[in-house]
Amino acid sequence: MLDQNLLRKEIEALIRGSVITISDDVKELMKNAYEKEDNITGKSMLATMIDNVEKAEKYKKPVCQSPGYPTVYISFGDKTLPGNIKEIIGESLVKATEDGLLRPSIVHPLTRENSGNNSGDGVPNFEFDYIPNQEFLEVIISFKGCGAELGNEVKIMTTPMLGKDLKGLKKFILETVINAGGKPCPPYGIGIGIGGQMDVAAKLSRKAISVRPWNDWNEDEIYGPLERELLEEINSLGIGAAGTGGKTSALAVKVAGAHTHTAIAPVAINFHCWVGRRGGIRIFPNGKVEKIF
C-alpha cells in the first residue's frame, strides 16, 4: 500500500510544479521556434512567451492567469490504487487555488455560478487505466487552457468523406486550423482523435496532446507520417505566434486512433495552447518516486 502522507505531499508538489512552468519538451520546441523565426513580430512574441515562462519559474508564480481545465490520467496495478485518490487530488487543487496558484474559474455550465475554489461536479476530470501487475501508481495531470477550446471541432465522417489518400480528412483538419486563426494561442499543439464514437475520438484527441511528449512521433505506420505531413502543412499557413505571422503555428501534431464501426469515422480536433502545463510522477509502495515529466 502507498503511504498516504507521501501521496498527498507528492500530489500537492506535482500540481504546484505544473502550474508555474511548462514541460521541458514544450520549452525545447518553443526555443527552437524562436531560433528559426525570421518574422520580426512573431519572433518578438515568442521571446515574450519564453521570458514569461522564465519569470514564472523564478518567482514561483502561475505561468498563465487562466488555470485551464484539469484532467488527471491515472494508471495503476492490483495494489497501487488508493481508494481516496480522487479526494486527495481534489483537495490539493482547492489548496493550490487558495494559495493563489490557480485562478478560480470553474463554474456551473448553465448558471455560471463560480465555486470560488476550482471545485465542482466532474472537476477534475479523471481517466483511469488498470494495468495488471503494474507495481506503481502513475499520475499525470494536465492543465489545458480553455481559450484554445474555442477552435476545437468534431465531425462524424464516413469512408467517402475521408477520401482517397485521406484527402478529405486532411482538408477538414486544415480548414479547422484556418478557421481557428490565432484564437488557440499559437504556437499550439494539436491532438487529433480518430475512431470509436464521438466521445472516444474526443478523449483520444485530449489524451494525445496532454500525455505524449510533444517532441516525438507516433510509431504507427499510418499515424506517424500523418503527424509529420499535417505539422508541415499547418506551419506553411503562416499563422505564427499569437496569430501575428511566422514559421511556427504548431509545435506538435499528435494523432491517436481506435477502431470504429464500418458506417462512421469520427474525428476530433483538439487545440492546446503553447502553455503546456503538465506533470507526471510514479509512486512505488516502497516510497520511491519517479518524475516522468
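Keep in mind it's a predicted model, so treat the numbers as computed, not measured.

A.B. asks: How do you make sense of the packing of helix α1 (residues 4-19) against helix α4 (residues 85-98) when you look at a structure like this?
C.D. replies: Packed helices, taken two at a time, are described by the angle their axes make and the gap between the axes. Running from amino to carboxyl end, α1 crosses α4 at an angle of 45°, the nearest separation of the two axes being 9 Å. Overall, the two elements α1 and α4 adopt an arrangement that is oblique. As for the relative orientation of α1 and α4, their crossing is right-handed in sense. On α4, the residues that touch Gln-4, Leu-7, Arg-8, Ile-11, Glu-12, Ile-15 and Arg-16 of α1 are Ile-85, Ile-88, Ile-89, Glu-91, Ser-92, Leu-93, Lys-95 and Ala-96. Here the residues of the contact of α1 with α4 are counted per class, giving 8 nonpolar, 2 polar and 5 charged.

A.B. asks: Honestly, the layout of surface pockets in this entry has me stumped. Any pointers?
C.D. replies: Where empty space is left can be seen by rolling a probe of water-molecule size over the atoms. Estimated volume of the largest pocket: approximately 590 Å³. Lining of the largest pocket is provided by 33 residues; of these, Tyr-73, Glu-127, Lys-203, Arg-206 and Lys-207 occupy positions nearest its centre. Of all the secondary structure elements, the ones that give two or more residues to the lining of the largest pocket are β1 (69-76), β2 (125-130), β3 (137-144), β4 (153-157), α7 (198-211) and β7 (265-272). Per-class residue counts for the lining of the largest pocket are 14 nonpolar, 8 polar and 11 charged.

A.B. asks: Honestly, the environment of Ala-242 in this entry has me stumped. Any pointers?
C.D. replies: Structurally, the position occupied by Ala-242 is in the loop between α8 (223-235) and β6 (250-258). With 60 residues separating them along the chain, Ala-242 and Gly-182 place their C-alpha atoms 5.6 Å apart. Leaving out residues up to four positions away in the same chain, Ala-242 has contacts with Met-45, Met-49 and Pro-186.

A.B. asks: Which parts of the structure should I look at to understand empty space enclosed by the protein?
C.D. replies: For the coordinates displayed, the defined rule picks out 3 cavities of 30 Å³ or more. Volume-wise, the largest cavity comes out at about 40 Å³. Around the largest cavity, the lining residues are Pro-67, Gly-68, Pro-70, Leu-93, Leu-102, Ile-106, Asn-118 and Phe-143. Across the lining of the largest cavity, the residue classes break down as 6 nonpolar, 2 polar and no charged.

A.B. asks: Help me understand the pairing of β6 in this model?
C.D. replies: Walk down a regular strand and you will see the side chains alternate between the two sheet faces. For β6, the tally of buried residues reaches 7 of 9 residues, placing the bulk of the element in the interior. Summarising the sheet, strand β5 (residues 188-195) and β6 pair through 8 bridges and their orientation is parallel. The partner of Ile-190 across the bridge, within β6, is Val-253.

A.B. asks: Looking at this structure, I do not really get the nonpolar core. What am I missing?
C.D. replies: General note: in soluble globular proteins, nonpolar side chains tend to be found buried as a group. Counting 44 residues, the largest nonpolar core has Met-30 and Ile-192 as its most contacted members. Elements with a minimum of two residues in this core: α2 (24-36), α3 (40-59), α6 (167-180), β5, α8, β6 and β7. In terms of residue count, α6 provides more of this core than any other element does, 6 residues in total. If we ignore the near neighbours within four places in the chain, the residues touching Met-30 are Ile-22, Leu-46, Met-49, Ile-50, Pro-187, Leu-251 and Trp-274.

A.B. asks: Looking at this structure, I do not really get the sheet that holds β4. What am I missing?
C.D. replies: Working definition: the strands of a sheet are paired by backbone hydrogen bonds and lie parallel or antiparallel to each other. Judged by pairing direction, the sheet is mixed, and its 4 strands sit side by side in the order β4-β7-β5-β6 without closing on themselves. On the outer flanks of this sheet lie β4 and β6, each paired with one strand and no other. Each adjacent strand pair in this sheet contributes to an overall mean axis angle of 15°, direction not counted. Looking at chain direction, β4 and β7 are connected through 5 bridges and run antiparallel. The residue bridging Lys-155 from the neighbouring strand is Val-267, located in β7. Sheet strands in contact with α7 are β4, β5, β6 and β7, and its direction is about 145° off that of β5.

A.B. asks: What should I look at first to understand unusual backbone geometry in this one?
C.D. replies: As a rule of thumb, non-glycine residues mostly have phi less than zero, and peptide bonds are mostly trans rather than cis. For the peptide bond that leads from Val-123 to Pro-124, omega is -5°, which places it in the cis range. Take Pro-124: it is sitting in the loop between α4 and β2. With an omega of 10°, the peptide bond running from Pro-186 to Pro-187 counts as cis. Tracing the chain through its elements places Pro-187 in the loop between α6 and β5. For Leu-166, which is not glycine, the phi torsion reads 60° and is therefore positive. With respect to the helices and strands, Leu-166 occurs in the loop between α5 (159-162) and α6. Taking relative accessible area as the criterion, Leu-166 reaches 26% and is therefore assigned partly exposed. Within the chain, Ala-242 stands out as a residue other than glycine whose phi angle is a positive 60°.

Rules and cut-offs
Residues numbered from 1 in each chain as written. Predicted model: local features only at pLDDT ≥ 70, side-chain atom pairs only at ≥ 80, totals over all residues. Heavy atoms only, no water. Axes fitted to C-alpha atoms, helices over the stretch in contact; angles between N-to-C directions. Helix = DSSP H or I, 4+ residues; strand = E, 2+ residues; numbered from the N terminus. Parallel < 35°, antiparallel > 145°, perpendicular 65-115°, else oblique. Left-handed = near helix turned anticlockwise from the far one by under 90°. Contact = heavy atoms within 4.5 Å. Nonpolar A, V, L, I, M, F, W, Y, C, P; charged D, E, K, R; others polar. 1 Å grid on protein atoms, 1.4 Å probe; cavity = no way out; pocket = protein on both sides within 12 Å on 5 of 7 lines; lining within 4 Å. Points joined across faces, edges and corners; volume = space filled by probe spheres on them. Buried < 20%, exposed > 50% of the residue type's maximum accessible area, 1.4 Å probe, protein only. Pairing = 2+ DSSP bridges. Core = buried A, V, L, I, M, F, W, Y, C linked by side-chain atoms within 4.5 Å.

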